[in-house]
Amino acid sequence: MMKISQSAVENKIVDIKNIVRDKEVLNYIENNFDDNRFSDILFQMIDKKEMKDVDVYKTAGIDRQLFSKIKSNPYYTTNKITIIKLGLAMKLDEEEFQMLLISAGYSLSKNSYVDILVLFCISSNYQKYQEVRNYIDLIK
């Protein structure tokens, strides 16, 4: 996935303001834009769960280099499967999962086999976590 710098995001905001001239539309954008970034939400959740970064990325089965990229660039987001693996590693509940995914522009839906597996894992209190992780690895 492409690395996005803070200046690129700021430039995009300036571009939007130059394109959108209608004050009502601009006001709506400014009042409704959620700038909670994926990496901020992820690391808040890790802290809340009182976990160590290394335990999260190892349990999730992602490499240190990718995790470092997520941590070092607040504007970087990764793919949905990686975010799901991180959420499973932290044993998030459904609300926390949705919050994490939404911060990266994704969500859990009931028309995706992977998402249904995640919902099953959550509903079974992670009793079959490893089995579900294996299924997700096979499906992706």
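Numbers given for residues are sequential positions, taken from 1 along each chain in its written order. In keeping with the predicted nature of the model, local features appear solely for residues at pLDDT of at least 70, side-chain atom pairs appear and are counted solely at 80 or more, and the whole-chain, interface and lining totals rest on all residues. Excluded from the side-chain calculations are hydrogens and water; all other atoms, namely the structure's heavy atoms, are used.

A. Structural view of the overall build of the protein. Secondary structure counts use DSSP, requiring at least four H or I residues in a row for a helix and at least two E residues in a row for a strand, with both numbered from the N terminus. Helix and strand counts for the protein stand at nine helices and zero strands. The order of helices and strands in the protein, counted from the N terminus, is α-α-α-α-α-α-α-α-α. To sort residues, take the accessible area from a 1.4 Å probe on protein chains only and compare it with the maximum for the residue type: under 20% means buried, over 50% means exposed, and anything in between is partly exposed. A buried classification covers 37% of the 140 residues belonging to the protein. Throughout, the Shrake-Rupley method with a 1.4 Å probe supplies accessible areas, and for residues the shown protein chains are the sole cover considered. Total accessible area on the protein stands at roughly 9,200 Å², and carbon and sulfur atoms take up 50% of it.

B. Geometry of the confidence of the model for the protein. Taken over all residues, the pLDDT of the protein has a mean of 86, while the share at 70 or more is 85%. The predictor reports its confidence for every residue as pLDDT, a score running from 0 up to 100. We call two residues in contact when some of their heavy atoms are within 4.5 Å. Low pLDDT, under 50, characterises residues 1-6; the stretch is placed with twelve contacts to residues that sit more than four places away or in other chains.

C. Region of the structure containing the pattern of salt bridges. By definition here, a salt bridge exists when the distance from a side-chain nitrogen of Lys or Arg to a carboxyl oxygen of Asp or Glu is within 4 Å. Inspection of the entire model under this criterion finds seven salt bridges. Put simply, Glu-96 and Lys-48 hold a salt bridge, and the shortest N to O gap is 3.1 Å. Pair noted here: Glu-96 is in helix α7 (residues 94-103) and Lys-48 is in helix α3 (residues 38-48), with a separation of 48 residues, a long-range link. Overall, the relative accessible area of 9% leaves Glu-96 in the buried class. Of the charged contacts in the structure, one is a salt bridge between Asp-115 and Lys-80, with a shortest N-O distance of 2.8 Å. One end of the pair, Asp-115, is in helix α8 (residues 113-123); the other, Lys-80, is in helix α6 (residues 80-90), and 35 residues separate them in sequence. One connected set of salt bridges, linked through shared partners, spans Lys-48, Lys-49 and Glu-96.

D. Fine view of helix α9 (residues 129-139). The complete set of buried residues in α9 reads Tyr-129, Val-132, Arg-133 and Ile-136. Down the axis of α9, the smallest arc covering the buried residues is 100°, so these residues share one side. On the buried face of α9, the contacting elements are α4 (53-60), α6 and α8. Arc, as used here, means the arc of the directions from the helix axis to the C-beta atoms.

E. Representation of the packing of aromatic side chains in the model. Note on ring pairs: Phe, Tyr and Trp rings are taken, using the six-membered ring of Trp, and paired if centres are within 6.5 Å. Classes follow the plane angle, with under 30 degrees stacked, over 60 edge-to-face and the rest tilted. Counted according to the given criterion, the structure contains two aromatic pairs. Between Phe-43 and Phe-67, the ring centres sit 5.5 Å apart and the planes meet at 75°, which makes this aromatic pair edge-to-face. In this pair, Phe-43 sits in helix α3 while Phe-67 sits in helix α5 (residues 64-72), placing the two residues 24 residues apart along the sequence. Of the two residues, Phe-43 and Phe-67, both sit in the buried class. Between the aromatic rings of Tyr-57 and Phe-67, the centroid separation amounts to 5.1 Å while the plane-to-plane angle is 40°, which identifies the pairing as tilted. Taken together, the residues span a long stretch of sequence, with Tyr-57 in helix α4 and Phe-67 in helix α5 at a distance of ten residues. As far as burial versus exposure is concerned, Tyr-57 and Phe-67 are alike and both buried. Counting every residue linked through ring pairs, the aromatic cluster contains Phe-43, Tyr-57 and Phe-67. Arg-37 extends its terminal NZ or CZ atom over the ring of Tyr-75, reaching a point 4.7 Å from the ring centre. By the criterion adopted, a ring carries a charge over it if an Arg CZ or a Lys NZ lies within 6 Å of its centre and within 35 degrees of its normal.

F. Up close: the environment of Tyr-106. As for its placement among the helices and strands, Tyr-106 is situated in the loop between α7 and α8. C-alpha separation for the pair Tyr-106 and Ile-83, spaced 23 residues apart in sequence, amounts to 9.2 Å.

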